[in-house]
Amino acid sequence: MSKRPDIPTTVPVTHDAPKLETARLREGPGAGAASRGVEYDREVQGDLRREPPVPTQRGGDPIATRPGDTGLTRTHEIEKSAYSVVAKQVSAWYGGDKPAIKDVSMTFEANRVTALIGPSGCGKSTFLRCLNRMHEETSGRARVEGEILLADQNIYGKGVDPVRVRRFIGMIFQKPNPFPMMSIYDNVVAGLKLNGMRRRADLDEIVERSLRGAALWNEVKDKLKASGASLSGGQQQRLCIARTIAVEPEVILMDEPCSALDPISTYKIEELIGELRTKYTVVIVTHNMQQASRVADYTAFMLAGDEGYGELVEYGETQQIFTNPRDKRTEDYITGRFG
(Lines give C-alpha, C1' and ligand atoms only; values in the text may rest on other atoms or scores of the structure.)
Protein backbone atom coordinates (compact mmCIF):
# COMPACT_ATOMS: atom_id res chain seq x y z
CA MET A 1 0.00 0.00 0.00
CA SER A 2 1.50 3.34 -0.96
CA LYS A 3 2.25 5.89 1.70
CA ARG A 4 -0.03 8.87 1.75
CA PRO A 5 1.30 12.43 1.45
CA ASP A 6 2.50 13.96 4.71
CA ILE A 7 0.60 16.75 6.42
CA PRO A 8 2.89 19.54 7.64
CA THR A 9 3.95 18.89 11.25
CA THR A 10 5.72 22.16 12.07
CA VAL A 11 2.68 23.72 13.75
CA PRO A 12 1.98 23.20 17.47
CA VAL A 13 -0.45 20.40 18.24
CA THR A 14 -2.16 22.54 20.89
CA HIS A 15 -4.98 24.57 19.37
CA ASP A 16 -8.42 25.91 19.94
CA ALA A 17 -11.42 24.45 18.17
CA PRO A 18 -11.49 25.82 14.60
CA LYS A 19 -14.54 27.23 12.93
CA LEU A 20 -15.75 25.11 10.04
CA GLU A 21 -15.75 27.07 6.81
CA THR A 22 -17.99 24.78 4.76
CA ALA A 23 -20.60 23.56 7.21
CA ARG A 24 -21.57 23.80 10.85
CA LEU A 25 -22.30 20.32 12.15
CA ARG A 26 -25.01 20.61 14.72
CA GLU A 27 -25.39 17.01 15.80
CA GLY A 28 -22.70 14.75 14.62
CA PRO A 29 -19.98 13.59 12.34
CA GLY A 30 -19.91 13.10 9.09
CA ALA A 31 -18.80 12.57 5.59
CA GLY A 32 -21.38 15.21 5.04
CA ALA A 33 -24.49 13.67 6.48
CA ALA A 34 -23.34 10.11 6.16
CA SER A 35 -22.11 9.06 9.56
CA ARG A 36 -24.70 10.57 11.85
CA GLY A 37 -27.91 12.58 11.96
CA VAL A 38 -26.64 15.99 10.84
CA GLU A 39 -29.05 18.86 10.60
CA TYR A 40 -27.92 21.30 7.99
CA ASP A 41 -29.52 24.49 6.70
CA ARG A 42 -30.41 24.85 3.04
CA GLU A 43 -27.79 27.52 2.57
CA VAL A 44 -25.10 25.35 4.18
CA GLN A 45 -26.10 22.43 1.99
CA GLY A 46 -25.72 24.74 -1.00
CA ASP A 47 -22.22 25.73 0.13
CA LEU A 48 -21.18 22.10 0.24
CA ARG A 49 -22.58 21.44 -3.20
CA ARG A 50 -20.59 24.30 -4.67
CA GLU A 51 -17.42 22.43 -3.81
CA PRO A 52 -16.00 20.11 -6.48
CA PRO A 53 -17.64 16.67 -6.39
CA VAL A 54 -15.76 14.22 -4.22
CA PRO A 55 -14.87 10.82 -5.73
CA THR A 56 -16.11 7.90 -3.66
CA GLN A 57 -13.77 5.06 -4.52
CA ARG A 58 -10.25 5.89 -5.42
CA GLY A 59 -8.04 8.92 -5.82
CA GLY A 60 -8.60 12.63 -5.29
CA ASP A 61 -10.25 12.67 -1.87
CA PRO A 62 -8.02 14.88 0.27
CA ILE A 63 -8.83 15.76 3.85
CA ALA A 64 -6.91 19.02 3.56
CA THR A 65 -8.81 21.11 1.03
CA ARG A 66 -7.37 24.60 1.27
CA PRO A 67 -5.03 25.70 -1.57
CA GLY A 68 -1.47 24.58 -1.04
CA ASP A 69 -2.28 22.00 1.63
CA THR A 70 -1.71 18.31 1.34
CA GLY A 71 -3.86 15.62 2.87
CA LEU A 72 -5.00 12.05 2.89
CA THR A 73 -5.81 10.64 -0.51
CA ARG A 74 -7.62 7.34 -1.04
CA THR A 75 -5.51 4.95 -3.11
CA HIS A 76 -7.04 1.57 -2.40
CA GLU A 77 -9.92 -0.50 -3.66
CA ILE A 78 -13.11 -1.04 -1.69
CA GLU A 79 -11.91 -4.49 -0.57
CA LYS A 80 -8.92 -3.37 1.43
CA SER A 81 -6.85 -3.41 4.53
CA ALA A 82 -7.75 -0.55 6.81
CA TYR A 83 -5.35 1.85 8.54
CA SER A 84 -4.35 1.96 12.16
CA VAL A 85 -4.99 5.01 14.33
CA VAL A 86 -2.36 6.20 16.78
CA ALA A 87 -3.22 8.53 19.66
CA LYS A 88 -0.29 10.37 21.24
CA GLN A 89 -0.74 12.12 24.58
CA VAL A 90 -4.29 13.22 23.81
CA SER A 91 -5.91 15.58 26.31
CA ALA A 92 -9.30 17.25 25.94
CA TRP A 93 -11.15 20.10 27.61
CA TYR A 94 -14.78 21.21 27.48
CA GLY A 95 -13.91 24.82 28.18
CA GLY A 96 -12.66 25.03 31.77
CA ASP A 97 -9.18 24.62 33.17
CA LYS A 98 -9.63 20.99 34.22
CA PRO A 99 -9.21 18.44 31.43
CA ALA A 100 -11.82 15.74 30.78
CA ILE A 101 -9.07 13.31 29.71
CA LYS A 102 -5.31 13.68 29.98
CA ASP A 103 -2.33 12.19 28.15
CA VAL A 104 -4.11 9.20 26.61
CA SER A 105 -1.87 7.26 24.22
CA MET A 106 -2.62 4.01 22.41
CA THR A 107 -2.65 2.41 18.98
CA PHE A 108 -5.84 1.10 17.41
CA GLU A 109 -4.65 -1.74 15.22
CA ALA A 110 -5.82 -1.96 11.61
CA ASN A 111 -8.59 -4.47 10.87
CA ARG A 112 -9.10 -5.15 14.55
CA VAL A 113 -11.81 -4.27 17.08
CA THR A 114 -10.73 -2.29 20.13
CA ALA A 115 -13.11 -1.83 23.07
CA LEU A 116 -12.93 1.10 25.48
CA ILE A 117 -14.30 0.12 28.89
CA GLY A 118 -14.54 1.87 32.24
CA PRO A 119 -17.08 3.40 34.63
CA SER A 120 -19.29 6.32 33.67
CA GLY A 121 -17.47 9.64 33.62
CA CYS A 122 -14.01 8.24 32.88
CA GLY A 123 -13.78 9.91 29.46
CA LYS A 124 -14.38 6.98 27.08
CA SER A 125 -16.85 8.83 24.86
CA THR A 126 -14.84 12.05 25.05
CA PHE A 127 -11.76 10.21 23.82
CA LEU A 128 -13.79 8.49 21.09
CA ARG A 129 -15.05 11.86 19.82
CA CYS A 130 -11.48 13.15 19.71
CA LEU A 131 -10.62 10.41 17.22
CA ASN A 132 -12.67 12.07 14.45
CA ARG A 133 -12.62 15.67 15.69
CA MET A 134 -16.18 15.55 16.99
CA HIS A 135 -15.11 16.81 20.41
CA GLU A 136 -14.60 20.28 18.95
CA GLU A 137 -18.32 20.40 18.15
CA THR A 138 -19.49 19.97 21.76
CA SER A 139 -18.96 23.62 22.75
CA GLY A 140 -17.32 26.76 21.48
CA ARG A 141 -14.39 26.42 23.88
CA ALA A 142 -13.78 22.69 23.57
CA ARG A 143 -10.22 21.90 22.58
CA VAL A 144 -7.80 19.04 22.13
CA GLU A 145 -4.05 18.71 22.64
CA GLY A 146 -1.86 15.93 21.33
CA GLU A 147 -1.76 14.07 18.03
CA ILE A 148 -4.03 11.53 16.40
CA LEU A 149 -2.40 9.88 13.41
CA LEU A 150 -4.19 8.15 10.56
CA ALA A 151 -1.72 6.57 8.14
CA ASP A 152 1.05 8.50 9.95
CA GLN A 153 -0.68 11.84 9.39
CA ASN A 154 -2.01 14.10 12.12
CA ILE A 155 -5.72 14.74 11.67
CA TYR A 156 -5.27 17.87 13.81
CA GLY A 157 -2.60 19.21 11.48
CA LYS A 158 -2.68 22.59 9.79
CA GLY A 159 -5.17 22.86 6.94
CA VAL A 160 -6.99 19.62 7.73
CA ASP A 161 -10.74 19.97 7.22
CA PRO A 162 -12.63 18.28 10.10
CA VAL A 163 -15.55 17.41 7.83
CA ARG A 164 -13.20 15.53 5.51
CA VAL A 165 -11.67 13.75 8.49
CA ARG A 166 -15.10 12.30 9.22
CA ARG A 167 -15.19 10.80 5.76
CA PHE A 168 -12.31 8.61 6.74
CA ILE A 169 -13.40 8.08 10.36
CA GLY A 170 -17.13 7.44 10.58
CA MET A 171 -19.20 7.19 13.74
CA ILE A 172 -22.19 5.21 15.04
CA PHE A 173 -24.00 6.55 18.06
CA GLN A 174 -25.81 5.13 21.05
CA LYS A 175 -29.29 5.89 19.78
CA PRO A 176 -30.12 4.91 16.19
CA ASN A 177 -30.68 8.11 14.25
CA PRO A 178 -31.78 7.62 10.65
CA PHE A 179 -33.08 10.74 8.98
CA PRO A 180 -36.81 10.35 9.71
CA MET A 181 -38.01 12.25 6.63
CA MET A 182 -35.86 10.18 4.26
CA SER A 183 -36.44 6.76 2.78
CA ILE A 184 -34.19 3.82 3.54
CA TYR A 185 -32.53 4.35 0.15
CA ASP A 186 -31.99 8.08 0.69
CA ASN A 187 -30.60 7.52 4.18
CA VAL A 188 -27.84 5.35 2.75
CA VAL A 189 -26.88 7.78 -0.02
CA ALA A 190 -27.29 11.02 1.95
CA GLY A 191 -23.57 11.66 2.33
CA LEU A 192 -22.81 10.66 -1.25
CA LYS A 193 -25.39 13.08 -2.65
CA LEU A 194 -24.15 15.83 -0.38
CA ASN A 195 -20.71 15.36 -1.92
CA GLY A 196 -22.01 15.61 -5.46
CA MET A 197 -22.67 12.01 -6.49
CA ARG A 198 -25.86 11.77 -8.56
CA ARG A 199 -25.59 8.91 -11.08
CA ARG A 200 -28.44 6.57 -10.25
CA ALA A 201 -26.74 3.36 -11.31
CA ASP A 202 -23.77 4.12 -9.05
CA LEU A 203 -26.04 4.98 -6.14
CA ASP A 204 -28.08 1.80 -6.63
CA GLU A 205 -24.93 -0.30 -6.52
CA ILE A 206 -23.65 1.42 -3.38
CA VAL A 207 -27.02 1.10 -1.62
CA GLU A 208 -27.14 -2.64 -2.17
CA ARG A 209 -23.48 -3.12 -1.26
CA SER A 210 -23.80 -1.02 1.89
CA LEU A 211 -27.01 -2.67 3.05
CA ARG A 212 -25.48 -6.09 2.45
CA GLY A 213 -22.41 -4.96 4.38
CA ALA A 214 -24.68 -3.98 7.26
CA ALA A 215 -26.55 -7.32 7.10
CA LEU A 216 -29.80 -5.52 6.26
CA TRP A 217 -30.34 -6.02 2.53
CA ASN A 218 -32.55 -9.10 2.71
CA GLU A 219 -34.82 -7.42 5.24
CA VAL A 220 -35.38 -4.16 3.34
CA LYS A 221 -34.68 -4.83 -0.35
CA ASP A 222 -38.40 -4.77 -1.20
CA LYS A 223 -39.17 -1.55 0.70
CA LEU A 224 -36.31 0.81 -0.03
CA LYS A 225 -38.77 3.70 -0.47
CA ALA A 226 -40.16 3.26 3.05
CA SER A 227 -39.10 5.69 5.77
CA GLY A 228 -35.96 4.79 7.66
CA ALA A 229 -37.91 5.54 10.84
CA SER A 230 -40.32 2.70 10.03
CA LEU A 231 -37.68 0.09 10.86
CA SER A 232 -37.16 -1.54 14.24
CA GLY A 233 -34.48 -0.19 16.57
CA GLY A 234 -31.96 -2.84 15.60
CA GLN A 235 -32.67 -2.34 11.90
CA GLN A 236 -32.31 1.41 12.29
CA GLN A 237 -28.90 0.96 13.87
CA ARG A 238 -27.81 -1.28 11.00
CA LEU A 239 -29.17 1.34 8.59
CA CYS A 240 -26.93 3.90 10.28
CA ILE A 241 -24.01 1.50 9.82
CA ALA A 242 -24.91 1.17 6.13
CA ARG A 243 -25.00 4.96 5.86
CA THR A 244 -21.53 5.12 7.39
CA ILE A 245 -19.87 2.47 5.21
CA ALA A 246 -21.45 3.88 2.04
CA VAL A 247 -18.77 6.60 1.98
CA GLU A 248 -16.00 4.02 2.48
CA PRO A 249 -14.28 5.13 5.68
CA GLU A 250 -11.07 3.69 7.06
CA VAL A 251 -12.23 3.60 10.66
CA ILE A 252 -15.63 3.09 12.31
CA LEU A 253 -16.21 4.46 15.81
CA MET A 254 -19.13 3.08 17.84
CA ASP A 255 -20.37 4.76 21.01
CA GLU A 256 -22.39 2.11 22.89
CA PRO A 257 -24.18 1.02 19.70
CA CYS A 258 -26.24 -1.69 21.45
CA SER A 259 -27.27 0.06 24.64
CA ALA A 260 -30.76 0.89 23.32
CA LEU A 261 -31.33 -2.47 21.63
CA ASP A 262 -32.97 -5.74 22.63
CA PRO A 263 -30.84 -8.91 23.02
CA ILE A 264 -31.62 -10.26 19.53
CA SER A 265 -30.71 -6.98 17.86
CA THR A 266 -27.61 -6.75 20.04
CA TYR A 267 -26.55 -10.22 18.86
CA LYS A 268 -26.94 -9.16 15.22
CA ILE A 269 -24.89 -6.00 15.75
CA GLU A 270 -22.16 -7.97 17.50
CA GLU A 271 -22.05 -10.43 14.60
CA LEU A 272 -21.83 -7.49 12.22
CA ILE A 273 -18.94 -5.95 14.18
CA GLY A 274 -17.01 -9.18 13.64
CA GLU A 275 -17.60 -8.89 9.89
CA LEU A 276 -16.75 -5.19 9.74
CA ARG A 277 -13.22 -5.80 11.03
CA THR A 278 -12.36 -7.47 7.70
CA LYS A 279 -12.55 -4.07 5.99
CA TYR A 280 -12.35 -1.46 8.73
CA THR A 281 -10.60 -0.57 11.94
CA VAL A 282 -13.31 -0.59 14.62
CA VAL A 283 -13.34 1.18 17.99
CA ILE A 284 -16.26 0.58 20.34
CA VAL A 285 -17.17 2.18 23.66
CA THR A 286 -19.19 -0.20 25.82
CA HIS A 287 -20.28 -0.51 29.44
CA ASN A 288 -20.98 -4.18 28.83
CA MET A 289 -17.82 -6.08 29.69
CA GLN A 290 -19.28 -9.32 28.33
CA GLN A 291 -19.79 -7.58 25.02
CA ALA A 292 -16.21 -6.33 25.04
CA SER A 293 -14.94 -9.84 25.70
CA ARG A 294 -17.06 -11.20 22.83
CA VAL A 295 -16.31 -8.71 20.07
CA ALA A 296 -12.96 -7.04 20.82
CA ASP A 297 -9.46 -8.10 19.87
CA TYR A 298 -8.00 -5.43 22.16
CA THR A 299 -9.42 -3.72 25.23
CA ALA A 300 -8.48 -0.45 26.93
CA PHE A 301 -9.55 0.32 30.50
CA MET A 302 -10.01 3.99 31.41
CA LEU A 303 -10.60 5.47 34.83
CA ALA A 304 -11.03 8.93 36.36
CA GLY A 305 -8.57 9.44 39.20
CA ASP A 306 -8.66 11.74 42.20
CA GLU A 307 -7.91 14.72 39.97
CA GLY A 308 -11.20 14.13 38.16
CA TYR A 309 -9.91 13.60 34.63
CA GLY A 310 -9.97 10.33 32.68
CA GLU A 311 -6.77 8.47 31.96
CA LEU A 312 -5.73 5.20 30.40
CA VAL A 313 -5.02 2.57 33.05
CA GLU A 314 -4.29 -0.49 30.93
CA TYR A 315 -4.42 -1.57 27.31
CA GLY A 316 -3.76 -4.97 25.77
CA GLU A 317 -5.21 -8.02 24.11
CA THR A 318 -8.72 -8.67 25.36
CA GLN A 319 -7.96 -12.12 26.73
CA GLN A 320 -5.07 -10.76 28.76
CA ILE A 321 -7.09 -7.84 30.11
CA PHE A 322 -9.92 -10.10 31.27
CA THR A 323 -7.89 -13.04 32.55
CA ASN A 324 -4.58 -11.58 33.71
CA PRO A 325 -4.76 -7.79 34.08
CA ARG A 326 -1.50 -6.12 35.04
CA ASP A 327 -3.08 -3.29 37.06
CA LYS A 328 -5.06 -4.00 40.23
CA ARG A 329 -7.55 -1.27 39.32
CA THR A 330 -8.38 -3.16 36.13
CA GLU A 331 -8.87 -6.37 38.07
CA ASP A 332 -11.10 -4.62 40.63
CA TYR A 333 -13.30 -3.19 37.88
CA ILE A 334 -13.60 -6.41 35.90
CA THR A 335 -14.44 -8.42 39.01
CA GLY A 336 -17.08 -5.93 40.09
CA ARG A 337 -15.35 -4.53 43.15
CA PHE A 338 -16.14 -1.02 41.95
CA GLY A 339 -17.83 0.70 39.02
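Residues numbered from 1 in each chain as written. Predicted model: local features only at pLDDT ≥ 70, side-chain atom pairs only at ≥ 80, totals over all residues. Heavy atoms only, no water.

Enquirer: Can you tell me about the overall build of the protein chain, naming the residues and giving the values?
Expert: In terms of regular secondary structure, the protein chain is built from eleven helices and eleven strands. Out of the 339 residues in the protein chain, the part that is buried amounts to 55%. Long-range contacts, defined as pairs at least 24 residues apart, comprise 70% of the intrachain contacts of the protein chain with a sequence gap of at least 6. A total of about 14,800 Å² of accessible surface is found on the protein chain, and carbon and sulfur atoms cover 47% of it. (Helix = DSSP H or I, 4+ residues; strand = E, 2+ residues; numbered from the N terminus. Buried < 20%, exposed > 50% of the residue type's maximum accessible area, 1.4 Å probe, protein only. Contact = heavy atoms within 4.5 Å. Areas by Shrake-Rupley, 256 points an atom, 1.4 Å probe, with all protein chains shown as cover.)

Enquirer: Which residues make up the confidence of the model for the protein chain, and what values go with them?
Expert: Per-residue confidence for the protein chain averages 79 on the pLDDT scale, and 76% of its residues sit at or above 70. The lowest-confidence element of the protein chain is helix H1 (residues 42-49), averaging 26 in pLDDT; the highest-confidence one is strand E4 (residues 113-117), averaging 98. Here residues 1-79 is a poorly scored stretch, pLDDT under 50, and it has 197 contacts once near neighbours within four places are set aside; other chains count. (pLDDT = per-residue confidence, 0-100.)

Enquirer: Please provide a residue-by-residue account of the environment of Cys-130, values included.
Expert: For Cys-130, the position within the fold is in helix H2 (residues 124-130). In this structure, the C-alpha to C-alpha distance between Cys-130 and Ile-148, residues 18 residues apart in sequence, is 8.3 Å. Here Cys-130 is in contact with Val-90, Ala-92, Ile-101, His-135, Val-144, Ile-148, Ile-155 and Tyr-156, once residues within four sequence places are set aside.

Enquirer: Account for the packing of aromatic side chains, naming residues and giving values.
Expert: Considering all chains together, one arrives at three aromatic pairs under this definition. When the centroid spacing of 5.0 Å and the interplanar angle of 25 degrees are considered together, the rings of Phe-301 and Tyr-333 count as stacked. In this pair, Phe-301 sits in strand E10 (residues 298-304) while Tyr-333 sits in helix H11 (residues 328-334), placing the two residues 32 residues apart along the sequence. Cation over ring: Arg-243 sits above Phe-179, and NZ or CZ is 4.5 Å from the ring centre. (Phe/Tyr/Trp six-rings, centres within 6.5 Å; stacked < 30°, edge-to-face > 60°. Lys NZ or Arg CZ within 6 Å of the ring centre and 35° of its normal.)

Enquirer: Before we move on, can you summarise the nonpolar core with the specific residues and values?
Expert: Residues Leu-192, Leu-211, Ile-241, Met-254, Ile-273 and Leu-276 are the most contacted members of the largest nonpolar core, which totals 48 residues. Every residue in contact with Leu-211, bar those within four places of it in the chain, is listed here: Val-188, Leu-216, Trp-217, Val-220, Leu-224, Leu-239 and Ala-242. In this structure, Ala-87, Leu-116, Cys-130 and Met-134 belong to the second largest nonpolar core, which totals 34 residues. (Core = buried A, V, L, I, M, F, W, Y, C linked by side-chain atoms within 4.5 Å.)

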